[in-house]
Amino acid sequence: MTNKNIKVNGKTHSVEADPKMPLLWVLRDLLGLTGTKFGCGAAHCGACTVHLDGVAVRSCVLPLEAVGDGTITTIEGLSEKGDHPLQRAWIEHNVPQCGYCQAGQIMSAAALLASSPEPKDEDIDTAMAGNICRCGTYQRIRAAIKTAAKETGAKP
Amino acid sequence: MNGITKLNRRQFLQAGIGSGAALALAVSAPPAKAALFAPPGEPKPAFAPNAFVSIGRDGQVTITVSRSEMGQGVRTSMAMLVAEELEVTWQQVRIEQATGHPKFGNQNTDGSRSVRTLFQPLRQAGAAAREMLERAAAKSWSCPPEECRGAGGEVHHKDGKRRLAYAKLAEAAAALELPENPKLKKHADFKIIGKDIKGVDVPDIVHGKARYGLDVTVPGMVYASVEHVPVVGATIESFSADEAKKVAGVLDVIKLDSAQPPVVFKPLGGLAVVAENSWAAFKGREKLEVKWNAGPNGAFDTEAFAKSMSETAKKPGHVVRTEGDVDAAFAAADQIVEGEYYVPLLAHASMEPPVATAWVKADSCEVWAPVQAPQRTRTMVAQMLGLEEDRVTVHVTLLGGGFGRKSKPDFVLEAVAVSKAVGKPVKVTWTREDDIRHDYYHSDSVQYLKAALGKDGKPTAWLHRTVFPSIGSTFSPEAKHGSEGELGLGFSNNPYAVPNVKLEVGEAAAHVRIGWLRAVCNIFHAFAINRFVDKCAATAKIDPLAYRLDLLGEPRDLVFSKEEESSPYKLNTGRLKKVLQVAADKAGWGKSTPKGQGRGIACHYSFHSYIAQVVHVEMKNGDPIVRRVDVAVDCGTVVNPDNVRAQMEGAVVFGLTLALNGMISAREGRVLQGNFDTYPMLRMPEMPEVQVHLIESDALPTGIGEPGVPPLAPALAAAIEAASGVAVDRLPVRPARV
């Protein structure tokens, strides 16, 4: 067991946990941030995607000890007012069905737009290939990413 | 299967009558809000004429949804039906989720039937409430009720001057008698039904606030993970939990009895590791030392089983349907066509694995779980604990996918068993491996077909044998072959007009738990029949679209059983022909494709809906790249068009996943797949363009969650054959990865 401070969504939390405990379970079971989901435990499905210093990572395989001083962002902290262009585009395109994978999808898409504000189809394929949607909302996810990209691209 | 009370219409309308409490504030039109559970401490509503509608002291209109949301859009569509007739705006509505209770009528969310079976009753529930509000207004204005009309959450007098908000009428309405026959609106007058309405939970979902089974927390809760018996019916010979208990955070290890046949929904059994958090429970499991006694299913091998089903399919089986004399027709035939088709076991693999939280107290029990059958769950929890049902509460969370898996409450009963043992609330989370290896699988199946073709190339005789372990095997060891219900899923209701027909079912034993999965037996029946029709068409050198249209004959209603004679839902060949034609036209059927590309077409009637799909494939290094899928759908009256489109898009993905990669295999009784590396799902780079074409209709609404799945695999197989010349008669298209 180790005592560690971690920075999540702009707040510092003190957690006592096995240093090998994946960040996913730290977030969910210790901090009560349940927006990030468990899908496979092996970085195959992307349901657990969060940002570590702005980079999309699979929190189900990221041990607490590997987080270091990094800044973590989860779906709950993606935007202050819940109005990230992707969140609005997801609503506009009525993307989710069951919705379980969508936090991970949005976090992957947000990392993509941060590094590539005008992604081509191939960029979307590459960035989103790690996120499974069993309901099959991929067509709408693609459309929503393009809508959000247009909006962010239009900003000065 | 379960003792769910069937309510008649009047009982349905009276269900859950609330008290007429005092009322204070006026309506202030809040935006449509989706909640799962009522906020704690909320006062009883002023007006609650039935279990589905209430109007609170503050004028809040609450619609309670009795069916489970797993992505099929039911929380939105059910609420639309009530709101339409209640005459409130969509923004005035708050949606809550029903617990499992007989007052809601049947709550089983399966069979693509929520909208179909509740289209009338839910509108009546809304209309009854509206009529009472109108009569309350009439009383206060001392005018005949005919002069009053509900609209937009208010009752308006026909003079155009007087109006009263529902909030102000709620208390008076609560004192009135329920109308015997509430009048429903004409379809042409619908304001909400037929509009594209966004999913009510979407805002919560995109902000990480939506609550699934996995997200439940209860004060004092502990976490558990179960090392399940590796084979159904296996038992623990010996075990040691010493090392597991040394893992930091592990609290206890509990032995759970293993389920013996009939397994029904009994917990599978194994060793539950109870811990302070999920991770510690998983780690503890790794340290368990267990010797299993594999039991009667320990030799199960899917490959050998497929061979035995193939042998069975070659021999006469139990006759299901017969017309004319197939033997005579075969003897006199110009040409004989034969085909054998195989679809393996499939797993549901919902993104949220089975998970449940249970709290067994001294004389009651509460569970929170993503279940498709909350009443069945409640009944079985009560039986298990020896409690009266009214001591058991089943809170239904959102389901992170269901596809039929979460109709089976085994995982809830497991949590109840663990909570009882530890005396605390406990959340039991299945890992992905638990989910894939211990599913209620979709049956594997072999289908044999034989046809005699006449000089015109049309079949004169049609023999079809279906072989698959029945879902009935889960409930009774006596179930040796597919049931009438399973055979009615695309087999015994084959719509093609052939003069001599013989349909038979062969016996097959189950060695794993078999259960229903999105579209159920329609999957292998549609695959085999469409593939075989293509083979007959190719032999006859006739275009497969033209061949199907011809085989369907004149537009007419078909009846396959005595029950169906009085049913408002009959298979109409004209409607099936129409979707074929529309899908073909939209996809450019008949236009040439570049070398290495091709199109395939398939159609299927299931859950009373008509679907045709055209798949366009391009072959790259022997592997199919799916470019586009056109889906034509006739599901009668469309309640929420955008949701129908979404369900079709999703069904294409579900169908592609099973057709390209779907395969569960077992050796020595153990399932070889375990996670998404060995049981792969379709991903973004493989997503084709999907075009959905809705047929306008004012017929009764029919199923939408499942019917999009069955035609995909055969249409894909046909496209691959058109593009490459390779006939795909066994699924999946890609070889297994284990």
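Because the structure is a prediction, the values reported are computed rather than measured.

1. Some thoughts on the overall build of chain A
Consideration 1: Of regular secondary structure, chain A possesses five helices and five strands.
Consideration 2: Beginning at the N terminus, the succession of helices and strands in chain A can be written as β-β-α-β-β-β-α-α-α-α.
Consideration 3: Its C-alpha atoms give chain A a radius of gyration of 15 Å, within 12% of the compact-globule value 15 Å for 156 residues.
Consideration 4: Dimensions of chain A along its principal axes, counting C-alpha atoms only, are 45 × 35 × 25 Å.
Consideration 5: Counting the 156 residues in chain A, one finds 59% classified as buried.
Consideration 6: Restricting the contact set of chain A to residue pairs at least 6 apart, pairs at least 24 apart contribute 56%.
Consideration 7: Counting every atom, chain A has about 5900 Å² of accessible surface; 49% of that belongs to carbon and sulfur.
Consideration 8: Distance from the positive charge centre (16 side chains) to the negative charge centre (16 side chains) of chain A: 4 Å.

2. Examining the overall build of chain B
Consideration 1: A count of helices and strands for chain B gives 19 helices and 30 strands.
Consideration 2: In terms of principal-axis extent, the alpha carbons of chain B reach across some 80 × 70 × 45 Å.
Consideration 3: Per-residue burial over chain B gives 63% buried out of 738 residues.
Consideration 4: Pairs at least 24 apart in sequence give 78% of the contacts found in chain B among residues at least 6 apart.

3. A word on helix α2 (residues 74–86) of chain B
Residues and elements named next belong to chain B.
Consideration 1: Under the 1.5 Å per step criterion, the end-to-end length of α2 is 18 Å for 13 residues, consistent within 8% with the ideal 18 Å.
Consideration 2: Extensive coverage of α2 is indicated by the burial of 13 of its 13 residues.
Consideration 3: Phi turns positive, to about 65°, at E87, one or two residues after α2.

4. Digging into the packing of aromatic side chains
We describe a pair of aromatic rings using the distance from one ring centre to the other and the angle between the two ring planes.
Consideration 1: Counted according to the given criterion, the structure contains 14 aromatic pairs over all chains.
Consideration 2: Ring geometry for A:F38 and B:F282: centres 5.9 Å apart, planes at 35°, overall tilted. Of this pair, A:F38 sits in the loop between α1 (23–30) and β3 (49–52) while B:F282 sits in helix α7 (residues 278–286), each in a different chain.
Consideration 3: With a centroid separation of 5.6 Å and 70° between ring planes, the pair formed by B:F300 and B:F305 is classed as edge-to-face.
Consideration 4: Note on B:F305: relative accessible area 10%, which makes it buried.
Consideration 5: Among the aromatic residues, ring-to-ring pairing joins B:F265, B:Y440, B:F475 and B:W516 into one connected group.
Consideration 6: A cation over an aromatic ring shows up here: A:R134 above the ring of B:F403, its NZ or CZ 5.6 Å from the ring centre.

5. Regarding the UniProt feature "domain: Aldehyde oxidase/xanthine dehydrogenase a/b hammerhead" (unreviewed entry) in chain B
Consideration 1: UniProt tags residues 207–296 of chain B as "domain: Aldehyde oxidase/xanthine dehydrogenase a/b hammerhead" (unreviewed entry).
Consideration 2: The annotated region residues 207–296 of chain B carries 16% helix and 34% strand content, and the separation between its end C-alpha atoms amounts to 48 Å.

6. Some thoughts on the domain arrangement of chain A
Residue and element names in this part refer to chain A.
Consideration 1: Here chain A is partitioned into domain 1 (2–77) and domain 2 (85–154).
Consideration 2: Of note, the centres of domain 1 and domain 2, computed from C-alpha atoms alone, are 21 Å apart.
Consideration 3: Together domain 1 and domain 2 conceal approximately 1100 Å² of surface at their shared face, both sides included; 60% is due to carbon and sulfur atoms.
Consideration 4: For the domain 1 face of the interface with domain 2, the top three residues by lost area are C45, H51 and I75, together amounting to 39%.
Consideration 5: If you look at where domain 1 meets domain 2, you find zero salt bridges.

7. Focus: the interface of chain B and chain A
Think of interface size as the accessible area that goes away when the parts come together; that is how it is often given.
Consideration 1: Every contact between the two is made by 59 residues of chain B and, on the other side, 49 residues of chain A.
Consideration 2: Of the roughly 4600 Å² buried between chain B and chain A on both sides combined, carbon and sulfur atoms contribute 60%.
Consideration 3: The largest per-residue losses of area from chain B upon contact with chain A belong to B:W279, B:M351 and B:M684, which jointly make up 18% of the total buried on that side.
Consideration 4: Where chain B touches chain A, the interface holds four salt bridges.
Consideration 5: A:R140 is the partner of B:D642 in a salt bridge, and the nearest nitrogen-oxygen pair spans 3.0 Å.
Consideration 6: At the surface where chain B touches chain A, the tally comes to 25 residue pairs in polar contact (both at pLDDT 80 or more).
Consideration 7: Those elements giving two or more residues to the side of chain B that touches chain A turn out to be α5 (202–206), α7, β19 (426–429), α12 (432–437), α18 (641–660) and β30 (689–694) of chain B.
Consideration 8: Looking at the side of chain B that touches chain A, the element that brings in the most residues is α18(B), giving nine residues.
Consideration 9: Classifying every residue of the side of chain B that touches chain A by side-chain character gives 31 nonpolar, 16 polar and twelve charged.

8. A few points about the pattern of salt bridges
Consideration 1: Enumeration according to the criterion identifies 50 salt bridges over all chains in this entry.
Consideration 2: The partner of B:R575 in a salt bridge is B:D634, with the nearest N and O atoms 2.7 Å apart. Of this pair, B:R575 sits in helix α17 (residues 573–587) while B:D634 sits in strand β27 (residues 623–634), placing them 59 residues apart in sequence.
Consideration 3: Given a relative accessible area of 4%, B:D634 falls into the buried group.
Consideration 4: Ionic contacts of the salt-bridge type, sharing partners, join the residues A:R140, B:D196, B:D642, B:R645 and B:E649 into one network.

9. Re the sheet that holds strand β1 (residues 33–34) of chain B
Residue and element names in this part refer to chain B.
Consideration 1: Across the sheet, five strands lie side by side as β1-β5-β4-β3-β2; this open sheet has mixed pairing. If you trace the sheet from one side to the other, it starts and ends with β1 and β2 (47–50), each paired once.
Consideration 2: For strand β3 (residues 53–55) and strand β4 (residues 61–65), the ladder comprises three bridges, and the chain directions are antiparallel. The partner of S54 across the bridge, within β4, is T62.
Consideration 3: The strands touched by α2 within the sheet are β1, β3, β4 and β5 (93–97), with β4 carrying the most contacts at an inclination of about 135°.
Consideration 4: Where helix α3 (residues 114–141) meets the sheet, its contacts fall on β2 and β3, and the angle it forms with β2 comes to roughly 135°.

Rules behind the numbers
Residues numbered from 1 in each chain as written. Chains lettered and ligands numbered in written order. Predicted model: local features only at pLDDT ≥ 70, side-chain atom pairs only at ≥ 80, totals over all residues. Heavy atoms only, no water. Helix = DSSP H or I, 4+ residues; strand = E, 2+ residues; numbered from the N terminus. Rg over C-alpha atoms; globule rule 2.2 N^0.38 Å. Buried < 20%, exposed > 50% of the residue type's maximum accessible area, 1.4 Å probe, protein only. Contact = heavy atoms within 4.5 Å. Areas by Shrake-Rupley, 256 points an atom, 1.4 Å probe, with all protein chains shown as cover. Lys, Arg positive; Asp, Glu negative; His and termini not counted. Charge placed at Lys NZ, Arg CZ, Asp CG, Glu CD. Expected span 1.5 Å × (residues − 1). Phe/Tyr/Trp six-rings, centres within 6.5 Å; stacked < 30°, edge-to-face > 60°. Lys NZ or Arg CZ within 6 Å of the ring centre and 35° of its normal. UniProt positions renumbered as here; feature names shortened; annotations may be inferred. Domains from an automatic or database assignment. Buried area = accessible area lost by both parts, 1.4 Å probe. Salt bridge = Lys/Arg side-chain N within 4 Å of Asp/Glu carboxyl O. Polar contact = N/O pair within 3.5 Å; in protein donor to acceptor, adjacent residues only side chain to side chain. Nonpolar A, V, L, I, M, F, W, Y, C, P; charged D, E, K, R; others polar. Pairing = 2+ DSSP bridges. Axes fitted to C-alpha atoms, helices over the stretch in contact; angles between N-to-C directions.

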